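A structural walkthrough
What follows is the residue order along each chain.
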Amino acid sequence: MNMATKDLSAYDHQSVPQAKGMRFGIVVAEWNWEVTGAMAQGAFDTLIRHGATEDSIDIKRVPGSFELPLGGQFMAGKGIYDAIILIGCVIQGETRHFDFICQGVTQGTVELNLKYNLPVIYGVLTTENLQQAIDRSGGIHGNKGDEAAITAIKMVSLKREIS
Ligand code: DLZ
């Protein structure tokens, strides 16, 4: 498999559509903020780099990843965003909490996409340990926040093209 399909951070950024005129909501979980804050910053910077303006991006915080779908629903319900990016980081612990949170946020995100016919991007890391998360939030494996932003732009562009 081509690396570019595994690691969007390595994408040719020239091939990303212009985000000018698009409006984005970002919902970021405060749990594991060291990671999620870096991902949210990456997503914000990437949207700006591709033409979005600062006043076209709203960022809201929720306590943990489990709250991301509801935070996203609050934003989607306003009807003003072209895409919403959910950012979280769930790190495996000693209990089954990890499984339940991952299941909740994943299923909740799928439902939001379909309920609102809106790109709601799954920028959630689910890792075995903190180092794996750090590696993916501006480390050796790029920044998955950047990748979530690129996915958001591409999905808005696709929706506009089709409709
Ligand atoms: C409780 C909990 C645990 C154990 N681990 C994480 C985590 O790794 N990442 C995360 O984003 N949130 C975690 N949470 C908090 C839950 O997402 C949620 O905020 C609480 O269960 C309250 O609903």
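So, a few notes on the structure that sits alongside this text. In this text, all values refer to a predicted model and were calculated from it rather than measured experimentally.

So, on to the sheet that holds strand 4 (residues 120–127). Spatially, four strands are ordered 2-1-3-4 in an open sheet, and the strand pairing comes out parallel. Each edge of the sheet is formed by a strand with only one pairing partner; in this case those strands are strand 2 (57–62) and strand 4. Taking each pair of neighbouring strands and ignoring which way they run, the sheet shows an average axis angle of 15 degrees. Packed onto the sheet, helix 3 (residues 97–116) meets strand 3 (83–91) and strand 4 and runs at close to 165 degrees relative to strand 4.

Of all hydrophobic cores here, the largest spans 27 residues; its most connected members are Phe24, Ile26, Leu47, Ile85, Ile87 and Ile153. Looking at this core, the elements that each hand over two or more residues are strand 1 (24–29), helix 1 (33–49), strand 3, strand 4 and helix 5 (144–162). Apart from the residues within four sequence positions on either side, isoleucine 26 is in contact with Ala40, Ala43, Phe44, Leu47, Ile57, Asp58, Ile59, Lys60, Met75, Ile85 and Ile87. In terms of nonpolar packing, the next biggest core, distinct from the first, is built from 18 residues, Val62, Ile84, Ile101 and Val124 among them.

A separate point is the pairing of strand 2. The pairing of strand 1 with strand 2 spans six bridges and is classified as parallel. For valine 28, the partnering residue across the bridge sits in strand 2 and is arginine 61. Taken together, strand 1, helix 1 and strand 2 constitute a β-α-β crossover, and its handedness is right-handed.

The subject of this paragraph is the environment of aspartate 135. Checked against the element boundaries, aspartate 135 lands in helix 4 (residues 130–135). Residue class for aspartate 135 comes out buried when judged on its relative accessible area of 15%. Residues aspartate 135 and valine 35, 100 residues apart in the sequence, show an inter-C-alpha distance of 9.3 Å. Sequence-distant contacts of aspartate 135, that is, excluding residues within four places in its chain, are made with Ile140, His141 and Gly142.

Rules and cut-offs
Residues numbered from 1 in each chain as written. Predicted model: local features only at pLDDT ≥ 70, side-chain atom pairs only at ≥ 80, totals over all residues. Heavy atoms only, no water. Pairing = 2+ DSSP bridges. Helix = DSSP H or I, 4+ residues; strand = E, 2+ residues; numbered from the N terminus. Axes fitted to C-alpha atoms, helices over the stretch in contact; angles between N-to-C directions. Contact = heavy atoms within 4.5 Å. Core = buried A, V, L, I, M, F, W, Y, C linked by side-chain atoms within 4.5 Å. Buried < 20%, exposed > 50% of the residue type's maximum accessible area, 1.4 Å probe, protein only. Right-handed = clockwise from strand over helix to strand, strands pointing away.

Coordinates in, geometry out; function isn't part of it.
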